[in-house]
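Here is what each chain is made of, one letter per residue.
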Amino acid sequence: MAEIQIKHYNKIVFFTGAGLSAESGIPTYRGKGGVWQEYNYEDFACQRAFDKDPQKVWEFHNKRREFINGCQPNEGHRIIAAVEQTKPQTMVITQNIDGMHQRAGSKKVIELHGSLWRVRCDREGTISENTDIPLKSMKCDCGEYLRPDIVWFEDPLDQQKIQQAVEAIFQSDLFVSIGTSGVVFPAAQLPAVAIQNSVPTVEINIESTPLSQLYQYRLQGPASEMLKQLCSDSD
Ligand code: APR
């Protein structure tokens, strides 16, 4: 049994990274088999690459759409969604763009880094859901290229989402980080926000991270397994 159990808390923030989706078969970004081991993000996931060759960038994102569409939410996603059912003040703050939390049933999800399943027209400033595999047309009706609504490297984060995430942490009584390497800022600052606000913090990861010593509790192991322990009702 984990040395901490969420049954004693009511306003939980789950801060999630690619490691939570690893058990759905979705590669993480760093470490063995990571996306950035195979692809150079400067060629596929930044505004410069998109401006230079939107077709090539969309080919990469269509491939990710096709692959992720064939994956399922895993038990970790489902446990988090179930917690929200019984504890409605639960909030998910995710760095993931795969939409797995929503597919598992989570309703309150802040997608800090956007979503693979939305596109936006930067000329018209419009954002729309789009789950075509592959994208039917790379062009908006106005003629501008549609861009994945994803926060790429060197993109500024949506300040409103950061504010929303910080507010959620201020209101929380437990902060649980799951499957993130804690190396990408400003998202990686969020655990420190929890600590500054004396919210108890838990890190779930299969290995230690540069932020591990910040956390009060550490559950070292696969996300689903550790969440089962953390969220069990047994005494
Ligand atoms: N259970 C728990 N943790 C796991 C598991 C697992 N089954 N498998 C891997 N991990 C951990 C790894 O140890 C690592 O610490 O998940 C983390 C994944 O780290 P990254 O690949 O860096 O993913 P993430 O932290 O989400 O990346 C943050 O970087 O590339 C950008 O925008 C992208 O949102 C992404 C951001």
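For the structure, see preceding data.
Just so it is clear, the structure is predicted and the values come from calculations on it, not from any experiment.

Each value, and the rule that gives it
All chains use their own residue numbering, which begins from 1 and follows the written sequence. Reporting of local features is limited, given that this is a predicted model, to residues whose pLDDT is at least 70; pairs of side-chain atoms are given and counted only at 80 or more, and all residues count toward the totals for whole chains, interfaces and linings. In computing side-chain properties, one takes all heavy atoms of the structure into account and sets aside hydrogens as well as water. Secondary structure elements follow DSSP: runs of H or I of four or more residues count as helices, runs of E of two or more count as strands, with numbering from the N terminus. Note on exposure labels: buried denotes an accessible area under 20% of the residue type's maximum, exposed denotes more than 50%, and partly exposed covers the range between, all computed with a 1.4 Å probe on protein chains only. Contacts between residues were defined by any pair of non-hydrogen atoms, one from each residue, lying within 4.5 Å. Strands pair, by our definition, only if DSSP identifies at least two bridges between them. Axis lines are fitted through C-alpha atoms, for helices just across the contact stretch, and the angle between N-to-C directions can take any value from 0 to 180 degrees. Whenever Lys or Arg places a side-chain nitrogen within 4 Å of a carboxyl oxygen from Asp or Glu, that contact is recorded as a salt bridge.

A. Just the environment of Ile162, in detail. Looking at where Ile162 falls in the secondary structure, it is placed in helix α8 (residues 159-171). Using a relative accessible area of 13% as the deciding quantity, one classes Ile162 as buried. Between the C-alpha atoms of Ile162 and Val151, which are 11 residues apart in sequence, the distance is 12 Å. When neighbours within four sequence positions are excluded, Ile162 is seen to be in contact with Leu112, Leu157 and Pro186.

B. Expanded view of the pairing of strand β4 (residues 114-121). Burial analysis of β4 places 7 of its 8 residues in the buried class, which makes it a mostly covered element. Relative to strand β6 (residues 147-150), β4 runs antiparallel, the two sharing 3 bridges. Residue pairing in the sheet places Gly114 in a bridge with Ile150 of β6. Where β4 lies against strand β5 (residues 126-129), 4 bridges are found, and the strand directions are antiparallel.

C. Structural context of the sheet that holds strand β7 (residues 174-178). Across the sheet, 6 strands lie side by side as β3-β2-β1-β7-β8-β9; this open sheet has parallel pairing. The open sheet is flanked by β3 (109-111) and β9 (217-220), the only strands paired with a single partner. The average angle at which neighbouring strand axes cross in this sheet is 15°, direction not considered. Pairing analysis gives 4 bridges linking strand β1 (residues 12-16) to strand β2 (residues 91-94), with the strands arranged parallel. Within β2, the residue paired with Val13 across the bridge is Met91. Helix-sheet contacts for α8 involve β1, β2, β3 and β7, and the interaxial angle to β3 is about 140°. Sitting on the sheet, helix α10 (residues 223-230) touches β1, β7, β8 (201-205) and β9, and the angle it makes with β8 is about 145°.

D. Geometry of the pattern of salt bridges. Scanning the entire structure with this criterion turns up 11 salt bridges. Note that Arg120 is salt-bridged to Asp122, the shortest N-O span being 2.7 Å. On the accessibility criterion, Asp122 (45% relative accessible area) is partly exposed. Several salt bridges share partner residues, and in doing so they unite Glu111, Arg118, Arg120, Asp122 and Asp149 into one network.

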